[in-house]
Number of protein chains: 2
Amino acid sequence: MKIGILGYGNLGRGVECAIRQNKDMELSCVFTRRDPSSVKILTPGVPVYNVSDVEAHKDEVDVLVICGGSATDLPKQTPEYVKYFNVIDSFDTHARIPEHFNNVDKAAKENGHIALISAGWDPGMFSLMRLYSNCILPEGNDYTFWGKGVSQGHSDAIRRVPGVKNGKQYTIPVESALEAVRNGENPTLTTRQKHTRECFVVAEEGADLAKIEETIKTMPNYFDEYDTTVHFISEEEFKRDHQGIPHGGFVFRTGVTGAEKENKHVIEYRLKLDSNPEFTSSVILSFARAINRLHKEGVNGCKTVFDIAPAYLSPLPGEELRAHLL
Amino acid sequence: MKIGILGYGNLGRGVECAIRQNKDMELSCVFTRRDPSSVKILTPGVPVYNVSDVEAHKDEVDVLVICGGSATDLPKQTPEYVKYFNVIDSFDTHARIPEHFNNVDKAAKENGHIALISAGWDPGMFSLMRLYSNCILPEGNDYTFWGKGVSQGHSDAIRRVPGVKNGKQYTIPVESALEAVRNGENPTLTTRQKHTRECFVVAEEGADLAKIEETIKTMPNYFDEYDTTVHFISEEEFKRDHQGIPHGGFVFRTGVTGAEKENKHVIEYRLKLDSNPEFTSSVILSFARAINRLHKEGVNGCKTVFDIAPAYLSPLPGEELRAHLL
């Protein structure tokens, strides 16, 4: 199947790399908002087009992976490009998913295409774990923890503080909270009790470090409700130790069964990811395979990970899955 | 929806309890091979029939949960009863799944019914985790660990040893092996390095304890390839501490992504279950809901957990799932 990429940032590059690991896929083209001649991609011989030309290339692509940001790009891009392609995105503004779904669904149906929104790990695999676990254990509690990993939003917030040259923020789940949940204690946890925030900051020369630290730690919404640690490091240290984009987290469901609800169960799903965008890309491609198949079966409209039977994600036939993975 | 139970042992009782936790379900009847008047069930007012009468009650049931054993019961029962009902089982002899699937599929299609085989946690939720993870990370390694939990087969084997009055065996994953996998070390593990076996034995009066211990530890297939511990305990201790049927385990997938495959990822799914049969029952009922819906949409034949879009497991409409779980 022929994959197109729209938007060549971290996620687009992740998709490009992941295509090489899926033998039934090939990269057909990349669309960019930049001048195409300025975009160097990893795959030899694959054309880069300007987004304004998408329509001319609609027959070159089975599924278009839209790699824009959730805040402003995807709400416009996904309903727009589903007019020409089957599309998939990783829209991750949880509160706006219903609205995004409806917009994409309408445009997809009007144009006889299929779309899948919010693929990735949260939303995505974490959502699947919440759904499966809630169905299995209807009486229970849900817990989601994130990290250890880089929060892009919080890193951006640090970099906007006066006197900060560079910065990166790691979200870290509190180990004792994880243990309490894992032990079936069903704790009620405040924001502060669930996660801590660790910041690595390169300050400008002569900057007031105490002031920077204070500004970060008291920043409303971002840091004020958390226990935050600020480390000042050199530019060299920053370059050496903080270039990666690791992430991950935990989804728990704890519940009870039995005549007297006397038996406890704990379901735990954990991701430990060296590269957030590359893992997200890998999830996206599995679901791209699924919607490509569904479209061939005549299915249109907007889907989410909840609507996809898992067998559709695999390149292997049902017989082989049953023999080797069931 | 109306649920029937065929076979009223640990699993059947688990299904009965789980029905109470699912408001859209009710227990319609129980079928037993025993004299129905000898079977006391928990739910007041629900009839118990002899299995020989199934056909007379086929319209009283939307989905029949077949709670027989995998060795000899299910290979006969599931293809037989799918003639009269939509059915679900927890067939767990991995090597014989393809054969069982084909038999059930043929009978289901001939009679316009739907069946789902091998629901539970392994096969079942563990299989789903293997499938999702393999699709997401095509280049990587799979690890499954079981325990800490009771192995019925190994407990039976202990009880057959001369001089043993009662016994129970716990399978325990080796902590250092779990840690190595979790750290992305991709270890190659022997049988002995993955699990240990712990036995609690009540000996008959005057029995040769050293002989019993030796017989257990050297038992081919069951214990000889493992580090096994044998504890002799009193009947009272046994009754007090070893009545439960806990189980669980871990499914890992470790894989790489990136241009140079430089980034590692670890996916871990863990279950910690106080009651193996009750958790299995809870999984079964979710999938029973799904096949009941699919049958109403006109779907026939044999399915597995791989074939079910997760949204079908939930009593909630798609809109609500997208708003609250995605």
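Cut-off values and rules
- The numbers attached to residues start from 1 for each chain and follow its sequence in the written order.
- Chains carry letters and ligands carry numbers; both start at the beginning, A for chains and 1 for ligands, and go up in the order they are written.
- Only residues with pLDDT of 70 or above have their local features reported here, since the model is predicted, and side-chain atom pairs are shown and tallied only from 80 upward, although totals for entire chains, interfaces and linings are computed over all residues.
- To obtain the side-chain values, all non-hydrogen atoms of the structure were included, while hydrogens and water were left out.
- Secondary structure elements follow DSSP: runs of H or I no shorter than four residues count as helices, runs of E no shorter than two count as strands, and numbering proceeds from the N terminus.
- Taken over C-alpha atoms, the radius of gyration is set against a globule rule of 2.2 Å times the number of residues to the power 0.38.
- Three exposure classes are used, based on accessible area relative to the maximum for each residue type with a 1.4 Å probe and protein chains only: buried under 20%, partly exposed in between, and exposed over 50%.
- Working rule for contacts: check all heavy atoms of both residues, and any pair within 4.5 Å makes them a contact.
- Values of accessible area rely on a 1.4 Å probe in the Shrake-Rupley scheme; residue burial ignores everything except the protein chains shown.
- Only four residue types enter the charge count, namely Lys and Arg as positive and Asp and Glu as negative; His and the chain termini do not.
- Throughout, a charge is located at the NZ atom of Lys, the CZ atom of Arg, the CG atom of Asp or the CD atom of Glu.
- Joining two parts hides part of their accessible area as seen by a 1.4 Å probe, and the buried area is that hidden amount summed over both.
- A 3.5 Å cut-off defines polar contacts: any pair of N or O atoms within that distance qualifies, except that in protein one atom must be a possible hydrogen donor and the other a possible acceptor, and neighbouring residues in sequence count only when both atoms are side-chain atoms.
- Under this grouping Gly is polar, as are all residues other than the nonpolar Ala, Val, Leu, Ile, Met, Phe, Trp, Tyr, Cys and Pro and the charged Asp, Glu, Lys and Arg.
- A residue counts toward the fit only if its pLDDT is at least 70 in both copies, and the copies are then superposed by least squares on the C-alpha atoms of those residues.
- Salt bridge, as used here: a side-chain nitrogen of Lys or Arg that lies within 4 Å of a carboxyl oxygen of Asp or Glu.
- Strand pairing is assigned whenever DSSP detects at least two bridges linking the two strands.
- Axes here refer to lines fitted to C-alpha atoms; in helices the fit is confined to the stretch in contact. Angles between the N-to-C directions go from 0 to 180 degrees.
- pLDDT expresses how confident the predictor is about each individual residue, on a scale running from 0 to 100.
- Ring pairs are drawn from Phe, Tyr and Trp, using the six-membered ring of Trp, whenever the two centres fall within 6.5 Å, and their geometry is named by plane angle: stacked under 30 degrees, edge-to-face over 60, tilted for the rest.
- Put simply, a charge is over a ring when the Lys NZ or the Arg CZ is close to the ring centre, within 6 Å, and near the line of the ring normal, within 35 degrees.
- In a helix, the anticipated span is given by 1.5 Å times the number of residues less one.
- Here the angle decides the label: under 35 degrees means roughly parallel, over 145 means roughly antiparallel, 65 to 115 means roughly perpendicular, and every other value means oblique.
- The handedness criterion is simple: a crossing whose near helix is rotated anticlockwise from the far helix by less than a right angle is left-handed, and one whose near helix is rotated clockwise is right-handed.

A closer look at the overall build of chain A
Here is step 1 of the chain: When its secondary structure is counted, chain A shows 11 helices and 14 strands.
Here is step 2 of the chain: Since a compact globule built from 326 residues should have a radius of gyration of about 20 Å, the 22 Å found for chain A is in line with a globular shape.
Here is step 3 of the chain: Expressed along its principal axes, the backbone C-alpha trace of chain A runs to roughly 65 × 55 × 35 Å.
Here is step 4 of the chain: Sorting the 326 residues of chain A into buried and exposed places 58% on the buried side.
Here is step 5 of the chain: In chain A, once contacts between residues fewer than 6 apart in sequence are set aside, the share between residues at least 24 apart is 68%.
Here is step 6 of the chain: Within the structure as shown, chain A displays about 13500 Å² of accessible surface, and the carbon and sulfur contribution to it stands at 47%.
Here is step 7 of the chain: Within chain A, the 45 negative side-chain charges are centred at a point lying 2 Å from the centre of the 37 positive side-chain charges.

A word on the interface of chain B and chain A
Here is step 1 of the chain: Contact with chain B, which involves 67 residues of that partner, is made by 67 residues of chain A.
Here is step 2 of the chain: Between chain B and chain A, a total of about 6000 Å² is buried, with carbon and sulfur atoms accounting for 62% of that surface.
Here is step 3 of the chain: Our count for the chain B to chain A interface comes out at 31 residue pairs in polar contact (both at pLDDT 80 or more).
Here is step 4 of the chain: Every element with two or more residues in the side of chain B that touches chain A is listed here: α1 (10–20), α3 (97–110), α4 (125–136), β12 (247–257), β13 (263–273), α10 (276–296) and α11 (318–324) of chain B.
Here is step 5 of the chain: Residue contributions to the side of chain B that touches chain A peak at 11 residues, all from β13(B).
Here is step 6 of the chain: Broken down by class, the residue content of the side of chain B that touches chain A amounts to 36 nonpolar, 16 polar and 15 charged.

Observations concerning the relation of the copies chain B and chain A
Here is step 1 of the chain: Expressed as a screw transformation, the operator carrying chain B onto chain A has a rotation angle of 180° and an axial translation of 0.0 Å, and the superposed copies differ by an RMSD of 0.0 Å. Expressed as a symmetry operation, the mapping of one chain copy onto the other fits a two-fold axis. Using C-alpha coordinates, one finds that chain B approaches the rotation axis most closely at Ala309(B), a distance of 1.9 Å.
Here is step 2 of the chain: Interface overlap between copies: 100% of the residues of chain B at the interface are likewise at the interface in chain A, consistent with a symmetric, same-surface contact.

Examining the pattern of salt bridges
Residue and element names in this part refer to chain A.
Here is step 1 of the chain: Counted according to the given criterion, the structure contains 32 salt bridges over all chains.
Here is step 2 of the chain: Here aspartate 156 ties to arginine 159 by a salt bridge, and the two come within 2.5 Å at their closest N and O atoms. Of the two residues, aspartate 156 and arginine 159 both sit in helix α5 (residues 152–159), three residues apart, roughly one turn of that helix.
Here is step 3 of the chain: Taken together, the shared-partner salt bridges connect Glu179, Arg182 and Glu268 into one network.

Points about the sheet that holds strand β13 (residues 263–273) of chain A
Here is step 1 of the chain: Sheet architecture is open: six strands sit in the order β7(A)-β12(A)-β13(A)-β13(B)-β12(B)-β7(B), paired in antiparallel fashion. At either end of the open sheet lies a strand with only one pairing partner, and these are β7 (140–146) of chain A together with β7 (140–146) of chain B. Sheet twist, expressed as the average angle between the axes of neighbouring strands with direction ignored, equals 10°.
Here is step 2 of the chain: Strand direction decides the pairing type here: β13(A) and β13(B), joined by nine bridges, are antiparallel. Bridging across to β13(B), Arg270(A) finds its partner in Glu268(B).
Here is step 3 of the chain: Here helix α6 (residues 175–182) of chain A sits on the sheet and contacts β7, β12 (247–257) and β13 of chain A together with β13 of chain B; the angle it forms with β12(A), its principal contact strand, is near 30°.

Quick notes on the environment of Glu213(A)
Residues and elements named next belong to chain A.
Here is step 1 of the chain: Following the sequence through the fold, glutamate 213 ends up in helix α8 (residues 209–217).
Here is step 2 of the chain: Owing to a relative accessible area of 25%, glutamate 213 belongs among the partly exposed residues under this scheme.
Here is step 3 of the chain: With 37 residues separating them along the chain, glutamate 213 and serine 176 place their C-alpha atoms 26 Å apart.

Remarks on the confidence of the model for chain A
Here is step 1 of the chain: The predicted model of chain A averages 97 in pLDDT, with 100% of residues at 70 or higher.
Here is step 2 of the chain: Model confidence for the complex is summarised by a pTM of 0.97, with the ipTM given as 0.97.

Quick notes on the sheet that holds strand β8 (residues 149–150) of chain B
Residue and element names in this part refer to chain B.
Here is step 1 of the chain: If you walk across this open sheet you meet the four strands as β8-β9-β10-β11, and the pairing is mixed. In this open sheet, the two edge strands, each paired with only one partner strand, are β8 and β11 (227–232).
Here is step 2 of the chain: Looking at chain direction, strand β9 (residues 164–173) and strand β10 (residues 195–203) are connected through nine bridges and run antiparallel. Bridge pairing in β10 links lysine 168 to phenylalanine 200.
Here is step 3 of the chain: Across the face of the sheet, helix α5 (residues 152–159) comes into contact with β8, β9 and β10 while running at roughly 145° to β9.

Here's the deal with the pairing of β13(B)
All names here are of chain B.
Here is step 1 of the chain: In terms of residue burial, β13 counts as a mostly covered element, since eight of its 11 residues are buried.
Here is step 2 of the chain: Sheet topology places β12 next to β13; 11 bridges connect them, and they run antiparallel. Directly across from phenylalanine 250, in β13, lies its bridge partner arginine 270.

Focus: the packing of aromatic side chains
Here is step 1 of the chain: Counted under the stated rule, the structure contains 15 aromatic pairs over all chains.
Here is step 2 of the chain: Aromatic pair Trp121(B) and Phe126(B): ring centres 5.3 Å apart, planes at 80°, arrangement edge-to-face.
Here is step 3 of the chain: An aromatic cluster of at least three residues, connected via ring pairs, comprises Phe31(A), Tyr49(A) and Phe85(A).
Here is step 4 of the chain: We note Arg197(A) situated over the ring of Tyr226(A); from NZ or CZ to the ring centre the distance is 4.0 Å.
Here is step 5 of the chain: The lysine or arginine in question, Lys148(B), covers the ring of Tyr170(B), its NZ or CZ lying 5.2 Å from the ring centre.

Details of helix α3 (residues 97–110) of chain A
Here is step 1 of the chain: Here α3(A) spans 20 Å end to end across 14 residues, near enough to the 20 Å set by a 1.5 Å rise per residue.
Here is step 2 of the chain: The set of residues buried in α3(A) consists of Ile97(A), His100(A), Phe101(A), Val104(A), Asp105(A), Ala107(A) and Ala108(A).
Here is step 3 of the chain: Elements that come into contact with the buried residues of α3(A) comprise α2 (73–81), β5 (86–89), β6 (114–116) and β14 (301–303) of chain A together with α11 of chain B.
Here is step 4 of the chain: The positive-phi residue at the C-terminal boundary of α3(A) is Gly112(A), with phi of around 65°.

Section: the packing of α2(A) against α3(A)
How two helices pack is summed up by the angle between their axes together with the distance between the axes.
Residues and elements named next belong to chain A.
Here is step 1 of the chain: Close contact between α2 and α3 brings their axes to 8 Å; oriented N to C, the two are set at 20°. If you check the angle between α2 and α3, you find them roughly parallel. Crossing angle aside, the handedness with which α2 passes α3 is right-handed. Counted together, Leu74, Pro75, Thr78 and Pro79 of α2 and His100, Asn103, Val104 and Ala107 of α3 form the full contact between these two elements.
Here is step 2 of the chain: Per-class residue counts for the contact of α2 with α3 are five nonpolar, three polar and no charged.

A look at the side chain of His265(B)
Here is step 1 of the chain: If you trace the backbone, His265(B) turns up in strand β13.
Here is step 2 of the chain: For His265(B), a relative accessible area of 1% corresponds to the buried category.
Here is step 3 of the chain: For His265(B), the side chain forms a polar contact with the side chain of Thr257(B), separated by 2.8 Å.
Here is step 4 of the chain: Ignoring any residue separated from it by four or fewer positions in sequence, one finds His265(B) in contact with Lys272(A), Leu273(A), Asp274(A), Ser275(A), Phe279(A), Leu137(B), Arg253(B), Thr254(B), Gly255(B), Val256(B) and Thr257(B).

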